[in-house]
Amino acid sequence: MTWEPRPVPEVTPETEPYWSAAAEGRLLLNECGDCGLVYHYPRAHCPDCFGDDVEWIEAAGTGEVYSYSVARTMSGWPEEDLPLVVAYVELDEGPRVMTNVDADPEAVEIDTRVEVAFVETDDEDVAIPLFRPVEDEE
C-alpha cells in the first residue's frame, strides 16, 4: 500500500513532533500534566482542562476496534485499496483515534485487537499511522 495520491497531512509546528515520530515508526500521544488526560489529536492545550503543561508520550501502538464502517467506493481513493475499513480504535492508553484498518473487512469486528503500522509518503518527514489486526499468538 502506498499513500499517494491521497493528500499528505500539513505539518504545523504543533504537530511536527507527532509526524516526525510517525516517520520513525513511533506513535505519540499527548498527556496533560495538570489533569492527567492522555489524548489525541496533537494540540498544545489539554482539551479537558485547557492546561498547557502537555508532554509527548510514546504509545504502545495497540488497541481495539471500537467502531468501524466499510467504504466500498470513495472518490479519489485508489481503486486497488478498496474496500476501505474506516475505524475508531481505542488505544490501550485510552484515547480513541479515527484511522484506517488495513485488513479484509471480513476480518474486522468490534473489539478486534489491532496494532499500529506506518505507511510512508513522498515526504520523508511524514508517515501515516494505520492499524492492522494482531496475529494470534498460539
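Residues numbered from 1 in each chain as written. Predicted model: local features only at pLDDT ≥ 70, side-chain atom pairs only at ≥ 80, totals over all residues. Heavy atoms only, no water.

### Some points on the packing of aromatic side chains
- One pass over the structure, following the stated rule, counts two aromatic pairs.
- Each ring, one from Y18 and one from W19, has its centre 4.8 Å from the other, and the planes form 80°; the classification is edge-to-face. Both residues of the pair, Y18 and W19, belong to the buried class.
- Note that R96 overlies the ring of Y66, its terminal NZ or CZ placed 3.5 Å from the centroid. (Phe/Tyr/Trp six-rings, centres within 6.5 Å; stacked < 30°, edge-to-face > 60°. Buried < 20%, exposed > 50% of the residue type's maximum accessible area, 1.4 Å probe, protein only. Lys NZ or Arg CZ within 6 Å of the ring centre and 35° of its normal.)

### Describing the pattern of salt bridges
- Considering all chains together, one arrives at five salt bridges under this definition.
- The shortest N-O distance in the salt bridge between R26 and E24 comes to 2.9 Å.
- Taking the relative accessible area as the measure of exposure, R26 reaches 29% and is therefore partly exposed.
- Among the salt bridges present, the one from R113 reaches D92, with a minimum N-O distance of 2.9 Å. With R113 in strand β7 (residues 113–120) and D92 in the loop between β5 (84–91) and β6 (96–101), this pair connects stretches of sequence that are 21 residues apart. (Salt bridge = Lys/Arg side-chain N within 4 Å of Asp/Glu carboxyl O. Helix = DSSP H or I, 4+ residues; strand = E, 2+ residues; numbered from the N terminus.)

### Notes on the sheet that holds strand β1 (residues 28–32)
- An order of β2-β1-β3 is seen for the three strands of this open sheet, with the pairing classed as antiparallel. The open sheet has two free edges, formed respectively by β2 (38–39) and β3 (54–58), since each of these has just one partner strand.
- Note: β1 against β2, two bridges, orientation antiparallel. Opposite N30, over in β2, you have Y39 as the bridge partner. (Pairing = 2+ DSSP bridges.)

### Quick word on helix α1 (residues 16–23)
- All of the buried residues in α1 are Y18, W19, A21 and A22. For α1, the angular spread of buried residues about the axis comes to 160°, placing them on one side.
- Tucked into the core, α1 has its buried residues touching β1, β3, β7 and β8 (127–133).
- Looking at the residues trailing α1, positive phi occurs at G25, about 85°. (Arc of directions from axis to C-beta. Contact = heavy atoms within 4.5 Å.)

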